[in-house]
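Architecture at a glance
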Amino acid sequence: MDAILAALVALMALAAAMAAVLSTLSKAAIFALLAVAPCLYRYRKRIYVIIKTLPRDLKFLWRYTNGIIRSKRWGRQNATVAELFTQRALRCPDAPCFIVVDDRTWTFKQMAEKSNQVARVMQEHVGLKRGDVVCVFMPNCGEYVWSWLGMAKVGAVSALINSNLRHKPLLHCIQVAKAKAIIFSDSLAGAIDEVRDQLPAELKLFQLYGECGAGVIDFGAEMEKHPPEYPVVVDKPQYKDTLLYIYTSGTTGMPKAAVLPNSKYLLVVVATVHMLGLRSSDRLYNPLPLYHTAGGLVGTGAALVDGIPSVLRAKFSGSNYWTDCIKYQCTVAQYIGEMCRYLLAQPPRPTDSQHRVRIMVGNGMRPAIWQQMVDRFKVPQINEIYGATEGNANIINVDNKVGAVGFLPQLVPTFLHPIALVRTDEQGQLMRGPDGYCVRCQPNEPGMFIGLIAQGNASREYYGYVDKSDSNKKLVRDVFCAGDAAFVSGDILVADELGYLYFRDRTGDTYKWKGENVATAEVEDALIAALARRDCVVYGVSIPQTEGRAGMAAIADPERSLDLGKLARDLDLSLPSYARPLFLRIMNDIEITGTFKLKKLQYQKEGFDPDVIKDPLYFRAGADFVPITSQLFNDICNGRVKL
């Protein structure tokens, strides 16, 4: 009763206040207010959303506009990465460009001179020219960058090969690039030796450091024979020329070479600098692999073009992450989601908050640990990004919204958005409405993330893969009107009422583990070869508090005659470590006909719980597979077992 009386008193006070306000207005003002009131009421939710998101959207539009203006200027100037780097090196030759942890600092002058010598060596030995391809196969180091930068100066393309690859996947990457040469470091010479007899006879081999084998050219020694001046280039590189091939995993198996032109690299530079609000005084910490987009573009572009130094670590270390940031005075640090879990697993130390890092940028940080990262490590700004190397659909969380990978600006009409969420069925296939066009998702409705293509617009162009048939598989046409086209990401996202986007799941036959995309077809091919043609299916399963999905294989073995130790050894030889299945499910039979996709989804949902699944289950522990017991299952789920 007291609550009702209080509400009545409040309503009376509000009515009195409104009457007082109205008494001060003219009749015309009152009539105008009454005319507008129904419209305001009708669109009250939309008005609330716009007002609520106005600071976020204005910040984004300001940064986006500045970045696009700069990008378009480079396009008009027909600028290239090598050209802009050279201008920077001439302005500040002695400034640090790359600082390698526990190694050395590379100044702009040194980077320029080394890359000049690289270009001259390749011109002499390979006749390297615009459009030719050279593979680069090295661990993280300054030499990695000046190697591909040297190729860029003559307009050649560098194919950046994952340094974890061995045997068939490595051979495949070299072959699909149609390379004239490969440059590799001494630490990876053994991997090249393993496939040497299968490489094209005309492929030139260059080894950096160490003792070279027969038929291998000592790259360092050859560089010393050449002057450090800019190479003579007859056919000048162009803004839209291909700069790099970056390999991604897809549904068809082996890694695919995504085409990355100068224009896209420079777009990543402006996105990194402007969207993050980087300053000339910043220093970026990059422990990510240089053969991927995050480490190789985001982690190098600001240094090469804008002079913001990058600190490189050969390999991520959870125990050294923050001490590195302190030692090298880093103010911006990169991550992938799996790293965050390792950082939180470290014992608390004073160095957790003694750093100067003001921004962390990366992808894959789970919402469940986001706030833990902020609270423990005292980083004021976390920018989660989302995008695909081969695609044009890229977004960023600019305002610290926990769990969001980006957003759709509410100030901008929906039909002007270059990205969209569209409805799909359970298998991830796009659904179309009665008019034959795709249907945009409503708020809180999961859907496929797509990027609308506009050729000629650097931020919306689609370059795809070296293999154009693979490129076309990622396209959908007649999306919202006749004749338009879009890149299909293969990922399911969801947008809330305020336009914030959240990652939900990955469709198709790929999953992500240890920061790497894994193609189930590639793993299945390796398994079939090792299983004497037994039937099998591969899929990713979720593990609590773990980023991505771990690989699991269901294998038909009714006689239970499979030698699991031999299988583990065979997989070690044919697959990189991140692609090897962690779990096995031994079954009597696997249906692989019409309901193949449905069965795979069913197996994925069932996971690896021995109390739910009656088939024998195994976990990869060291060099062998061991049976999964209820205790082991609980230990895995609770993080007590190293994965």
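Please refer to the structure higher up on the page.
This one's a predicted model, so the numbers in the text were calculated from it and none came from an experiment. (Residues numbered from 1 in each chain as written. Predicted model: local features only at pLDDT ≥ 70, side-chain atom pairs only at ≥ 80, totals over all residues. Heavy atoms only, no water.)

1. Things to note about the overall build of the protein chain
Quick note on the threshold: Working definition: helices are DSSP H or I runs of at least four residues, strands are E runs of at least two. Numbering for both runs from the N terminus. C-alpha atoms define the radius of gyration in this analysis, and the globule rule sets the expected value at 2.2 Å times the number of residues to the power 0.38. Per-residue accessibility, obtained with a 1.4 Å probe over protein chains only, is compared with the maximum for each type, and a residue is labelled buried under 20%, exposed over 50%, and partly exposed between these values. Two residues qualify as a contact provided that any one of their heavy atoms is within 4.5 Å of a heavy atom in the partner residue. Shrake-Rupley sampling with a 1.4 Å probe provides the accessible areas, and residues are treated as covered by the protein chains on show and by no other component.
Within the protein chain, the secondary structure is distributed over 19 helices and 28 strands. Against the 2.2 N^0.38 benchmark of 26 Å for 643 residues, the protein chain shows a C-alpha radius of gyration of 27 Å, consistent with a compact globule. Dimensions of the protein chain, computed from C-alpha atoms along their principal axes, come out at roughly 95 × 70 × 60 Å. Within the protein chain, the fraction of its 643 residues that count as buried is 53%. By sequence separation, contacts in the protein chain at least 24 residues apart represent 69% of the contacts at least 6 residues apart. On the protein chain, roughly 28,500 Å² of surface is accessible, and the fraction owed to carbon and sulfur atoms is 57%.

2. Quick look at the sheet that holds strand S13 (residues 359–363)
Defined as follows: In this analysis, strands are considered paired if DSSP registers two or more bridges between them. Inter-axis angles, ranging from 0 to 180 degrees, are taken between N-to-C directions of lines fitted to C-alpha atoms, where helices are fitted over the stretch in contact.
In space, the 8 strands of this open sheet follow the order S2-S1-S11-S10-S12-S13-S14-S15, with mixed pairing throughout. What marks the edges here is a single partner per strand, and that holds for strand S2 (105–107) and strand S15 (395–396). In terms of strand pairing, strand S1 (residues 96–100) meets S2 through 3 bridges, oriented antiparallel. Of the residues in S2, the one forming a bridge with Ile99 is Thr105. Contacts between helix H13 (residues 337–345) and the sheet are confined to strand S12 (332–336) and S13, with S12 contributing the most and set at about 105 degrees to the helix.

3. With respect to helix H7 (residues 167–176)
Regarding H7, the residues found buried are Pro169, Leu170, Leu171, Cys173 and Ile174. If you follow the buried residues of H7, they end up packed against strand S3 (133–137), strand S5 (181–185), helix H8 (189–195), strand S8 (242–248), helix H16 (520–530) and helix H17 (564–574). Just past H7, the residue Lys178 takes up positive phi, approximately 55 degrees.

4. Remarks on the packing of aromatic side chains
Convention followed: Each pair of aromatic rings taken from Phe, Tyr and Trp, with Trp reduced to its six-membered ring, is defined by centres within 6.5 Å and is described as stacked if the planes are under 30 degrees apart, edge-to-face if over 60, and tilted in the remaining cases. Counted as over-ring charges are cases with an Arg CZ or a Lys NZ within 6 Å of the ring centre that also lie within 35 degrees of the ring normal.
One pass over the full model with this rule turns up 17 aromatic pairs. Between Tyr386 and Phe449 the ring centres are 5.2 Å apart and the planes differ by 80 degrees, which places this aromatic pair in the edge-to-face class. Highlighted residues: Tyr386 in strand S14 (residues 381–386) and Phe449 in strand S18 (residues 447–452), separated in sequence by 63 residues. The exposure class assigned to Tyr386 is buried, which follows from its relative accessible area of 11%. The class of Phe449 is buried, set by a relative accessible area of 0%. By the ring-pair criterion, three or more aromatic residues cluster together here, those being Tyr285, Phe316, Tyr321, Trp322, Tyr342 and Phe377. Geometry around Trp106 places Arg104 over its ring, the cationic atom sitting 3.5 Å from the centre. Directly above the aromatic system of Tyr500 lies the positively charged group of Lys401, at a separation of 5.3 Å from the ring centroid.

Keep in mind these values describe shape, not function.
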